[in-house]
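Chain by chain, the residues run as shown.
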Amino acid sequence: MNPADFAPLLTAPGQELLARLTGGYDESAVLSQAEKLRAEYPPDLVSAALTQARLRDRAAAKFGSRARDMYFTPAGYEQATRMSVAELRAERYRRAGVRRVADLCCGIGGDALAFAAAGIEVLAVDRDPLTCAVLAANARAFGVEGAIEVRCEGVETVDLRGCDGVFLDPARRTDRGRTFDPEAYSPSWSYAVGLAVRGVAAAVGFKVAPGLPHELIPRGAQAEWVSDRGEVKEAGIYFGALVGAGCGVGGVGGGSGAAERQATLLPGSYRLESAGVPDPSPGPVGRYLYEPDGAVIRAHLLGELAELLGAHSIDPTIAYLTADRSWEGSRGGGGGSGSGGGDGNSFVARYEITDVLPFNVKRLRAVVAERGYGRLTVKKRGADVDPAFLRKQLRPAGPNSAVVVVTRVAGAHMALIAQED
């Protein structure tokens, strides 16, 4: 798609066609649907509208019902920040006092729309003309075109005067696919850090892949890992006035908000922050098994979480925690090193363990049959097994349910049978 293909969608016939397709896109019937529509509309317009309908349908996972009124490109949809995460970031910038933010590599506008909704003026910059046209259309669709200035320009040359905040979402794909080398981002990691070092604005932040090596986090910056409904979505690096500005949406304990590392869980904005607590020491498997959220693991906050829960690890190489007593803190308070709302249970999935057995398929199968486990969830960590294949081997049948966790305990491969709490 190019700007010439996209523009007709904004005309009266294009809007009429998109309205007809809203909520009615069916991948299995797209060929017959296209044939019927081409009898009424130009073929190129039908093709463009069907592409938008397909992308809107897929984008509902990121933008909810708002996706029905938005415009996308295939790459823009894939790379766009989901709305819940963009709103979290916009709140950080708002709390930092940012009045006008430069959204560099803005894409189709996931972050720009959230900034504008938070009352922040936006200079949205992207070098791709189609992407800029799509963003401008999204701004009009949401009635915030007066708050978003779109510039089709390279981010390295754009004039940032008048912006007291900067946000950069560099491309993390090359011609060979996704890259895990921050220096291969476009613009590069060095350029992104340089924005903060040069002090181009009072508040500078940029988005990075969740697997960023911790040793790359610049001194004085704050790194935040965000998960949404248990799935890690991104990491952000923040400088200047943005450090600590993510605090205040609640808290487990009395964190200052200015810690070097944070893990934030959505929905609910539950936040845990670093406090210099070392990784927990291993010990025997207790009554409860805690599976930390991926953002906590990525942020290297197992020590802080273990302290909060009164738990220890089951193996020095495995990110499971265990305790004999369940953590029953009240919401919004309790001991520990966090901030952000919720309680220790907000950061984990909790299982009550019934059996700790050496990993042996034959023995496990006998237990599953004896107890009538027909609804069986198999999980693994630190074990070379295929959970789907192992589940078939165990031949679940019966009215009862259980969770089987295959992992390492003190260096030995073990199977933990548990009930999900």
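About the thresholds
- Residues numbered from 1 in each chain as written.
- Predicted model: local features only at pLDDT ≥ 70, side-chain atom pairs only at ≥ 80, totals over all residues.
- Heavy atoms only, no water.
- Helix = DSSP H or I, 4+ residues; strand = E, 2+ residues; numbered from the N terminus.
- Buried < 20%, exposed > 50% of the residue type's maximum accessible area, 1.4 Å probe, protein only.
- Contact = heavy atoms within 4.5 Å.
- Pairing = 2+ DSSP bridges.
- Axes fitted to C-alpha atoms, helices over the stretch in contact; angles between N-to-C directions.
- Core = buried A, V, L, I, M, F, W, Y, C linked by side-chain atoms within 4.5 Å.
- Salt bridge = Lys/Arg side-chain N within 4 Å of Asp/Glu carboxyl O.
- pLDDT = per-residue confidence, 0-100.
- Right-handed = clockwise from strand over helix to strand, strands pointing away.

*Asks:* I tried to follow the side chain of D228 on my own but got confused; where do I start?
*Replies:* With respect to the helices, strands and loops of the structure, D228 is situated in strand 8 (residues 222–228). Judged by relative accessible area, D228 falls into the buried class, the value being 8%. With sequence-adjacent residues up to four places away left out, D228 is seen in contact with R82, S84, K233, L266 and P267.

*Asks:* What is the right way to look at the sheet that holds strand 3 (residues 148–152) in this model?
*Replies:* Note: strands within a sheet are paired through backbone hydrogen bonds, in either parallel or antiparallel orientation. One open sheet holds the nine strands; their spatial order is 3-2-1-4-7-9-8-10-11, and the pairing between them is mixed. The sheet terminates laterally at strand 3 and strand 11 (270–273), the two strands that pair on one side only. Taking each pair of neighbouring strands and ignoring which way they run, the sheet shows an average axis angle of 20 degrees. For strand 8 and strand 10 (residues 261–266), the ladder comprises six bridges, and the chain directions are parallel. Note on strand 10: the bridge partner recorded for V226 is T264.

*Asks:* So what exactly am I meant to see when it comes to helix 11 (residues 302–309) here?
*Replies:* Within an α-helix, residues lying three or four positions from one another point in the same direction, as the helix has 3.6 residues per turn. Most of helix 11 is tucked away: seven of the eight residues are buried. Among all positions of helix 11, only L302, G303, E304, L305, A306, L308 and L309 are buried. Packed against the buried residues of helix 11 are strand 11, strand 12 (288–292), helix 10 (294–298), strand 14 (321–323) and strand 15 (348–358). Taken from the residues just after helix 11, G310 is the one with a positive phi, measuring 70 degrees.

*Asks:* Looking at this structure, how should I read the nonpolar core?
*Replies:* Nonpolar side chains in soluble globular proteins tend to end up buried together. Within the largest apolar cluster, 52 residues are counted, with the highest numbers of intra-cluster contacts made by F63, F72, Y93 and I148. Listed by contribution, the elements that provide at least two residues to this core are helix 2 (12–21), helix 3 (30–37), helix 4 (43–63), helix 6 (83–95), helix 7 (110–117), strand 2 (121–126) and helix 8 (129–141). A total of nine residues in this core trace back to one element, the largest contributor, which is helix 4. If we ignore the near neighbours within four places in the chain, the residues touching Y93 are V98, V101, F115, I120, V166, F167, A203, V204, G205, Y238 and L242. Judged by nonpolar contacts, the second largest core, of 50 residues, contains V125, A263, A299 and L301.

*Asks:* Whenever I open this one, the pairing of strand 11 confuses me. Can you help?
*Replies:* Each regular strand carries side chains that alternate between the two faces of the sheet. Pairing geometry for strand 10 and strand 11, over four bridges, is antiparallel. Within strand 11, the position partnered with L265 by the bridge is Y270. The hairpin turn running from strand 10 into strand 11, its antiparallel successor, is three residues long, and G268 in that turn takes a positive phi close to 110 degrees.

*Asks:* Looking at this structure, I do not really get the sheet that holds strand 14. What am I missing?
*Replies:* The strand order across the open sheet built from seven strands is 13-14-12-15-18-17-16, with neighbouring strands paired in mixed fashion. Of all strands in the sheet, those bounded by a partner on one side alone are strand 13 (312–313) and strand 16 (373–381). Sitting on the sheet, helix 11 touches strand 12, strand 14 and strand 15, and the angle it makes with strand 14 is about 15 degrees.

*Asks:* I would appreciate a short explanation of the pattern of salt bridges in the present structure.
*Replies:* Pairing between side chains of opposite charge can happen when their charged atoms approach one another. Inspection of the entire model under this criterion finds 25 salt bridges. Among the salt bridges present, the one from K233 reaches E231, with a minimum N-O distance of 3.0 Å. Taking relative accessible area as the criterion, E231 reaches 47% and is therefore assigned partly exposed. One continuous salt-bridge network, built from bridges that share partners, spans R89, D111, D169, R172, K207 and E234.

*Asks:* Quick question: what am I supposed to make of the environment of P292 here?
*Replies:* Inspection of the secondary structure puts P292 in strand 12. By relative accessible area, which is 5% here, P292 ends up buried. As for P292 and L302, which are separated by 10 residues in sequence, their C-alpha atoms are 7.9 Å apart. Setting aside chain neighbours within four positions, we find P292 in contact with I297, L302, L305, A319, Y320, L321, F347, V348 and R381.

*Asks:* What am I meant to see in the confidence of the model for the chain here?
*Replies:* It should be kept in mind that the predicted coordinates are not to be read in detail where pLDDT is low. A residue-level look at the chain finds 93% of positions with pLDDT of 70 or above and a mean pLDDT of 91. Note on residues 248–254: pLDDT under 50 across the span, and 31 contacts to partners over four residues away in sequence or across chains. Low pLDDT, under 50, characterises residues 330–342; the stretch is placed with 58 contacts to residues that sit more than four places away or in other chains.

*Asks:* How should I be thinking about the pairing of strand 1 (residues 100–104) in this particular structure?
*Replies:* Counting buried residues along strand 1, five of its five residues qualify, which places the element largely inside the surrounding structure. Across the two faces of strand 1 the burial is the same, with R100, A102 and L104 and V101 and D103 all buried. Two strands pair when backbone bridges link them, and strand 1 and strand 2 are joined in this way by five bridges, in the parallel orientation. For D103, the partnering residue across the bridge sits in strand 2 and is A124. With respect to chirality, the unit in which strand 1 leads through helix 7 into the neighbouring parallel strand 2 is right-handed. Here four bridges tie strand 1 to strand 4 (residues 165–168), and the two strands are oriented parallel to one another. Note that in strand 4 the partner of L104 across the bridge is L168.

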